[in-house]
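A look at the structure
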Amino acid sequence: MSWVSTLARPEIVALKPYEHAAWDPALTRLHANELPWRGLDDESVAGLNRYPEPQARALIEQLAQLYGVTPGALLICRGSDEAIDLLVRAFCRASQDAVLVCPPTFGMYAVAAHIQGATLVNVPLLADKDYALDERALRDACQQEVKIVFLCSPNNPTGNLLHDDAILRIATALEGRALVVVDEAYVEFAACESLTRRLPQRPNLVVLRTLSKAHGLAGARLGTLIADREVIGLLRKVIAPYAVPQLILEAVAELLNPRHLRTLPRRIEQVRAERTRMQHALSQRPIVTQVLPSEANFLLARFKDPALALARANAAGVLVRDARGYLGLADALRVSIGTRDQNDRLLRAWA
Ligand SMILES: *Cc1c(COP(=O)(O)O)cnc(C)c1O
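In short, a report on the structure. (Residues numbered from 1 in each chain as written. Predicted model: local features only at pLDDT ≥ 70, side-chain atom pairs only at ≥ 80, totals over all residues. Heavy atoms only, no water.)

Let's talk about the site of the ligand
Close to the ligand lie 14 residues, the nearest being Asp 183, Tyr 186, Thr 210, Ser 212 and Lys 213. A distance of 2.7 Å is found between an oxygen atom of the ligand and a backbone nitrogen or oxygen belonging to Ser 80. One nitrogen or oxygen atom from the side chain of Tyr 186 is found 2.6 Å from an oxygen atom belonging to the ligand. Coverage of the ligand by the protein chains reaches 93% of its 390 Å² of free accessible surface. Among the residues making up the shell around the ligand, the classes are represented as five nonpolar, five polar and four charged. (Near = heavy atom within 4 Å. Polar contact = N/O pair within 3.5 Å; in protein donor to acceptor, adjacent residues only side chain to side chain. Areas by Shrake-Rupley, 256 points an atom, 1.4 Å probe, with all protein chains shown as cover. Nonpolar A, V, L, I, M, F, W, Y, C, P; charged D, E, K, R; others polar.)

Shown next, in the form of structure tokens:
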């Protein structure tokens, strides 16, 4: 048996996947119980009366090129959120297997674990070492039942990168025993390369990318899971057959054009410049006690009176993220980097 089939839920390994209707637009489709006519004002390319192409090949090619990986290593999901959920559902048996997370971190990993009935193992990041991974504690905590380790780099909400070397050491130590999933939702804003280039040497490494942040396409709900072919093959059995709607396939194929890709570095540069300005300006506000350095498009700040800071932002019509529920961040709020005007509005509220 392959390592993936030893690791995954036996029911999923044995599952015969739903056979969706063959997809070939050149043929006459009398096999999917679709209506043969378009809606009156349907101006989509393919016609919304038709089911979309499952794991659309053209989009997979486009994303494979964007992320510099082979098309076979890629699964298109409804945002990284769905990728996280699929991983937990495919690899963790309820009440038996565990998911390991490193708080304070993105909440969806724990939510997906709870929904599946998987045990949650917490190995906190080292707050006194710039929120670095606690490698020793992590390895000690990786007992047989841990099937997935979720790491987030740059980490939401603390904004720091985790060290590549530490991540790779953990992946090596857990080879054949657990998946190490690196969520790189913010990597485009960081001064580092994606870990995708290390995938060929590490079969248990999984990288999550998304169009929601640097690409400015959060509304499209398009995330990409990049992993060993065998992991992709297993997850394709679990994902909904028509996960991505036709309108989104068409919009994303159109939007990810060379012109968009050329503007990307400029946009990222703008965000970084505003991030630097905001980091400085926020740390000079009397109500702010600390602003953490960030490699992402947000800043995490600590306050003397976070409730007052939140109230003042809201009164000025500005939403910021209450981060007080995260482990060790009872005085913190998270601020996304907006336009200069938007950022100034927040600065005035906290003057
Ligand atoms: C925003 C974010 C995502 C993106 O999720 P999508 O479902 O792709 O929009 C993933 N991971 C983290 C840590 C995030 O903050």
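Some details on helix H9 (residues 246-255)
Given 3.6 residues per helical turn, the α-helix brings residues three or four places apart onto the same face. For H9, the complete set of buried residues consists of Gln 246, Ile 248, Leu 249, Glu 250 and Val 252. Considering only its buried residues, H9 is in contact with helix H3 (57-67). (Buried < 20%, exposed > 50% of the residue type's maximum accessible area, 1.4 Å probe, protein only. Helix = DSSP H or I, 4+ residues; strand = E, 2+ residues; numbered from the N terminus. Contact = heavy atoms within 4.5 Å.)

Considerations on the packing of aromatic side chains
Scanning the model with the defined rule gives five aromatic pairs in all. Here the aromatic rings of Phe 106 and Tyr 109 are separated by 5.5 Å at their centres, their planes lie at 75 degrees, and the arrangement is edge-to-face. A centroid spacing of 4.8 Å and a plane angle of 65 degrees characterise the contact between Phe 303 and Trp 350, whose relative ring orientation is edge-to-face. You can see Phe 303 sitting in strand E9 (residues 298-303) and its partner Trp 350 sitting in the segment after helix H12 (340-349), a full 47 residues away along the chain. The same class applies to Phe 303 and to Trp 350, which are both buried. (Phe/Tyr/Trp six-rings, centres within 6.5 Å; stacked < 30°, edge-to-face > 60°.)

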